[in-house]
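Descriptive structure summary
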Amino acid sequence: MLQQTQAATVVPYYNRWLRRFPTVRSLAATTESDVLHAWQGLGYYTRARNLHRCGKMIVEKFGGRLPNDPDELKSLPGIGLYTANAIAVFAFDQSLPIVEANTARVLSRLFNIRAPIDSTSGRQKLWEASAKLVPQKGARHFQNAMMDLGALICTAHNPCCQICPVKKFCRADKPASLPRKRQRARTISITEWHCFRTSGRTILLERCRQRWRGMWMLPKIQQRNSAPIHRAQFSFTHHRITLEVFRGRSNRLTTRQRWFSCHQLNRIPIPSPHRRAIIDLFIAERGAGLHPQRS
DNA sequence: AACGCGGGGCG
DNA sequence: CGCCCAGCGTT
């Protein structure tokens with residue numbers, strides 16, 4: 001959950017997740033739809049699918065116990081170099097380097113690394129720097145301190161160099177100008193059209209294909225036939241998407257479409273912009289029994 | 001070596 | 001608005 005998502009955002013999801021899947025076996029035994037539903041709203045849903053597969057592999061290949069060897073950890077879906085080493089460091093107190101957003105920022109400043117930290121050469125320098133610093137004993141405390149330093153003092157904006165405990169080791173000329181990152185693609189704007197088609201207390205939804213795969217959204221339509229009854233904007237990597245929803249019918253009922261009753265909506269995964277649209281539109285129709293997800 | 005992938009928070 | 005966030009797998 002913490003991969004590219006701020007810890008404060010994760011906390012409520014993490015607590016709900018552990019109540020819902022208290023053991024790795026309960027996770028392995030559930031459906032992908034249920035996993036996506038528990039993840040709903042957190043984004044980057046491939047992480048949820050990978051964690052599900054990961055749970056199954058832990059049960060089937062590792063007897064229900066998480067391995068402590070970084071190479072075995074890396075063989076699990078969703079566990080890359082950072083996560084494998086982080087588990088080995090924080091769960092098993094092994095002495096290994098870790099590089100993530102916080103430590104990358106700290107290390108780039110300490111060592112004055114000017115190469116973009118998301119480039120191959122920049123990443124290599126960061127991992128070398130981390131390996132150079134990590135102590136043989138007490139690596140867990142050390143890496144924890146490095147991350148807290150990045151989170152609380154060596155911050156992305158307005159780093160508090162005055163109170164930094166390692167100020168005298170820092171080689172950065174201008175700490176605030178680091179780390180550097182590669183230039184990103186220009187944001188492009190897109191408008192997407194979907195329909196709100198209901199019949200009594202049921203609503204027509206459609207399986208998402210690539211983005212949000214495995215989730216359910218309002219059916220796509222190719223043509224707008226009237227004024228939108230709902231409009232919302234959301235951003236997405238380098239896309240800015242305007243979601244327009246029209247009353248009425250999708251062209252035809254495809255195999256990817258299904259009718260759902262209102263109370264079913266609280267048990268299936270729906271991407272946040274579409275969930276908000278559905279709630280908004282049902283409330284506009286004086287509520288058909290739908291209520292926002294309860295924690 | 002790039003790219004795609006969500007969503008919320010902040011300056 | 002654009003940048004940032006306990007990265008990863010794919011192309």
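Now for a look at the structure at hand.

Rules and cut-offs
- Residues numbered from 1 in each chain as written.
- Chains lettered and ligands numbered in written order.
- Predicted model: local features only at pLDDT ≥ 70, side-chain atom pairs only at ≥ 80, totals over all residues.
- Heavy atoms only, no water.
- Helix = DSSP H or I, 4+ residues; strand = E, 2+ residues; numbered from the N terminus.
- Buried < 20%, exposed > 50% of the residue type's maximum accessible area, 1.4 Å probe, protein only.
- Areas by Shrake-Rupley, 256 points an atom, 1.4 Å probe, with all protein chains shown as cover.
- Lys, Arg positive; Asp, Glu negative; His and termini not counted.
- Charge placed at Lys NZ, Arg CZ, Asp CG, Glu CD.
- Core = buried A, V, L, I, M, F, W, Y, C linked by side-chain atoms within 4.5 Å.
- Near = heavy atom within 4 Å.
- Polar contact = N/O pair within 3.5 Å; in protein donor to acceptor, adjacent residues only side chain to side chain.
- Nonpolar A, V, L, I, M, F, W, Y, C, P; charged D, E, K, R; others polar.

1. Side note on the overall build of chain A
Assigned secondary structure in chain A consists of ten helices and seven strands. When the backbone C-alpha atoms are referred to their principal axes, chain A occupies close to 70 × 45 × 30 Å. Out of the 295 residues in chain A, the part that is buried amounts to 42%. As displayed, chain A offers around 17300 Å² of accessible surface, 50% of which is attributable to carbon and sulfur atoms. Averaging the coordinates of the 48 positive side-chain charges in chain A and doing the same for the 17 negative ones gives two points 6 Å apart.

2. Here we look at the nonpolar core
The biggest cluster of nonpolar side chains holds 35 residues, and the ones touching the most others in it are Trp17, Ile203, Leu205, Leu218, Leu265 and Ile278. Elements with a contribution of two residues or more to this core: α1 (7–20), α3 (32–39), β3 (202–207), β4 (216–217), β6 (239–247) and α10 (272–284). Core analysis: the next-biggest nonpolar cluster, separate from the first, contains 15 residues, Ala104, Leu107, Trp127 and Cys164 among them.

3. Structural notes on the protein's contact with DNA strand B
The environment of DNA strand B is formed by 18 residues, the closest being Thr5, Tyr44, Tyr45, Thr120 and Phe236. Within 4 Å of the protein, the contacting atoms of DNA strand B are drawn from sugar and phosphate to the extent of 59%. Between DNA strand B and Leu42 there is a distance of 3.3 Å, counted from a base nitrogen to a backbone nitrogen or oxygen. Here Tyr45 contributes a side-chain N or O atom positioned 2.9 Å from a phosphate oxygen of DNA strand B.

4. Some thoughts on the protein's contact with DNA strand C
In the neighbourhood of DNA strand C, 23 residues make up the surrounding shell, with Leu2, Gly78, Thr83, Arg105 and Met147 lying closest. For DNA strand C, the backbone portion of the atoms within 4 Å of the protein, that is sugar and phosphate, comes to 66%. The backbone of Gln4 places a nitrogen or oxygen atom 2.8 Å from a phosphate oxygen of DNA strand C. Looking at the surface near DNA strand C, the elements that each hand over two or more residues are α6 (81–90) and α7 (101–110). Of the residues forming the surface near DNA strand C, the biggest block, four residues, is contributed by α6. Here the residues of the surface near DNA strand C sort into ten nonpolar, eight polar and five charged.

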